[in-house]
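Breakdown of the fold
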Amino acid sequence: MSTLLIWFVFMSLNILLKTGHCTRIRDEILSITPKTEEQVDILKNVSTEYKVDNETVLWQPASAEYIREEMQVHLFVPANSSGTVKDLLKKHHITHEVLLDNANELIELQMRNASTDPRSSSTFYERYHSLEDIYDWINRTAQDNPRTVKAILIGSSYEKRPLYVLKLSFNDRPNKTAMWIDCGIHAREWIAPAFCLWFVHYSLSFYGQNTDITHILNSMDVYILPVLNPDGYKYTWTGERMWRKNRSISKATNCFGVDLNRNFDANWCTKGASHNPCSEIYCGEFPESEPESQAVADFLRRHKDTVQLYVSIHSYSQMLLFPYSCTLEEAENHSDLLEMAQEAAQNIRRYYRNTYRYGAGAATIYLAPGGSDDWAYNLGIKYSFTFELQDRGNKGFLLPPSHIAGACNEALLGVKIIALKVIEKT
Ligand code: ARG
Ligand code: ZN
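Note that the structure is predicted; figures quoted are calculated from it, not measured.

Topic: the sheet that holds strand β4 (residues 97-100)
- Reading across the sheet, the four strands line up as β2-β3-β1-β4 and stay open at both edges, with antiparallel pairing between neighbours. Across the chains shown, the open sheet's two edge strands, defined by having one partner strand only, are β2 (57-60) and β4. Across this sheet, the average inter-strand angle for adjacent strands is 35 degrees, counted without regard to direction.
- The sheet contact formed by β2 and strand β3 (residues 73-77) spans three bridges and is antiparallel. Paired with Gln60 across the strands is His74, a residue of β3.

Points about the environment of Tyr383
- Among the structural elements, Tyr383 can be located in strand β12 (residues 383-389).
- With 10 residues separating them along the chain, Tyr383 and Gly393 place their C-alpha atoms 28 Å apart.

Some remarks on the UniProt feature "active site" (unreviewed entry) in the protein
- Mapped onto the present numbering, the UniProt feature "active site" (unreviewed entry) falls on Glu388.
- By secondary structure assignment, the location of Glu388 is in strand β12.
- Sequence-distant contacts of Glu388, that is, excluding residues within four places in its chain, are made with His314, Ser315, Tyr316, Ser317, Gln318 and Met319.

Some details on the sheet that holds strand β5 (residues 149-156)
- Read across the open sheet, the eight strands follow the order β5-β6-β8-β7-β9-β12-β10-β11; overall the sheet is mixed. The open sheet has two edge strands, β5 and β11 (357-360), and neither has a second partner. Between one strand axis and the next, the sheet turns by 20 degrees as a mean value, whatever way the strands run.
- Strand direction decides the pairing type here: strand β10 (residues 319-322) and β11, joined by four bridges, are parallel. By the bridge assignment, Leu321 is partnered in β11 with Gly359.

Details of the packing of helix α6 (residues 191-206) against helix α13 (residues 404-425)
- In the contact formed by α6 and α13, the axes pass within 10 Å of each other and the chain directions differ by 65 degrees. Comparing the axis directions of α6 and α13 gives the class roughly perpendicular. α6 and α13 meet at a crossing whose hand is right-handed. Contacts between α6 and α13 involve Ile191, Ala194, Phe195, Trp198, Phe199 and Tyr202 on the former and, on the latter, Ile404, Ala407, Cys408, Ala411 and Leu412.
- Here the residues of the contact of α6 with α13 sort into 11 nonpolar, no polar and no charged.

Observations concerning the UniProt feature "domain: Peptidase M14" (unreviewed entry) in the protein
- Per the UniProt record, the feature "domain: Peptidase M14" (unreviewed entry) sits at residues 127-422.
- Secondary structure across residues 127-422 comprises 37% helix and 18% strand; the distance between its end C-alpha atoms is 31 Å.

What to know about the nonpolar core
- Counting residues in each nonpolar core, the largest one holds 117 residues, and the members touching the most others are Ile181, Ala194, Phe195, Ile224, Val311 and Leu320.
- Among the elements that line this core, the one with the most residues is α6, at nine residues.
- For Val311, the residues in contact, after removing those within four places along its chain, are Met179, Trp180, Ile181, Phe385, Phe387 and Val415.

Section: unusual backbone geometry
- At the junction of Ser315 and Tyr316, the peptide bond is cis and its omega measures out at -10 degrees in the coordinates.
- Looking at the element boundaries, Tyr316 is found in the loop between β9 (307-315) and β10.
- A cis amide bond links Gln390 with the next residue in sequence, Asp391, at an omega value of -5 degrees.
- Residue position: Asp391 is located in the loop between β12 and α13.
- The residue Lys160 is not glycine, and still its phi comes out positive at about 70 degrees.

Focus on the site of ligand 1
- In the region of ligand 1, the neighbouring residues are Ala62, Asn261, His314, Leu321, Ser325, Gly361, Ala368, Gly371, Asp373, Asp374 and Thr386.
- Grouping the constituent residues of the shell around ligand 1 by class yields three nonpolar, six polar and two charged.

Calculation criteria
Residues numbered from 1 in each chain as written. Chains lettered and ligands numbered in written order. Predicted model: local features only at pLDDT ≥ 70, side-chain atom pairs only at ≥ 80, totals over all residues. Pairing = 2+ DSSP bridges. Helix = DSSP H or I, 4+ residues; strand = E, 2+ residues; numbered from the N terminus. Axes fitted to C-alpha atoms, helices over the stretch in contact; angles between N-to-C directions. UniProt positions renumbered as here; feature names shortened; annotations may be inferred. Contact = placed C-beta atoms within 7 Å. Parallel < 35°, antiparallel > 145°, perpendicular 65-115°, else oblique. Left-handed = near helix turned anticlockwise from the far one by under 90°. Nonpolar A, V, L, I, M, F, W, Y, C, P; charged D, E, K, R; others polar. Core = buried A, V, L, I, M, F, W, Y, C linked by C-beta atoms within 7 Å. Buried ≥ 20, exposed ≤ 12 C-beta atoms within 10 Å, placed from the backbone. Near = placed C-beta within 6 Å.

Quick look at the structure:
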């Protein structure tokens, strides 16, 4: 009798395994393009209501409010809600494509390294780094290059972490202009801080070797803020990988975080931002309510007479955006900006065979007021760009370390072309 029972259990287990009922369901990223108003509403619901442990996360667009017909939506679906979400989509005849089903492995791959993992053979700049490592790198870089690099403390974050800007200055020509680059305003966009490190390393290595960077650094000082949102960045390494905002707490709701790229004084908190502290695009209590955005704005106000070019690095989607994002109106020098973005994109395509879309922010993606680029533009920095680096959603925020070099090199080419144009024009 008992042998029979054991046999029965064994056979059923076997059948279960063979039919795949026991294969582990994994976290997935789905790509969905809603075709009707109804499907838009369903998707909005799925991405907000179906959170399990607050885990279902919209990768693209940044917030459900932006979802429209025919827009490609990228949704992170944790393994345990995969069934529910897929059933729901099926019920409403919404088709989906699985972009990625190995999120956990990719996360592990991104964190591997990080400082001195012997398994990793790639160089320092082809890996992602923890916040602590980036602080060490900032110190070391300034110490090792006392004549050309200075670390400037411009303020501190909500959780009181220092905000350091590196100033690259290769000569003291009179009337030198400057450019600004910030990275990591959104915490989960790890390729952004990696780009800032890449840019500094490239400048220090190729000044005097590469004509373009030499010309740029002879004409301009460069201010680089490698991690604009250190609290958020830290939290993506230790808490939630997909965190976007900073980490200030709203007492009224107990929700964390202000979207720092909605916290600047450019049509602040109009359509495309939210007053709800729990939203991914929460604009904060008032413009520059956050210490991070205030520190950046204060620094740029103090240096607005020299800074001619503002660049902000984000990911993902491969785009090159310029003002305005906070209104559908055209910027006064729209045709200049368009021409510069176009030339950058054309060169990226030519040399790296990669496509960057470009245009004014509001017209190209969506209305997004309170952004740093529009604010800097209105301050008088007439050349202001936001780069969205690789990729187009295939790996999204989980871009593997092996892609860092490619992503950074093509964006670097874009920055160089734009900087050369600015020098030519001013
Ligand atoms: N994806 C970025 C965001 O939503 C785009 C930034 C473009 N610039 C802007 N001012 N919104 O923040
Ligand atoms: Zn971003």
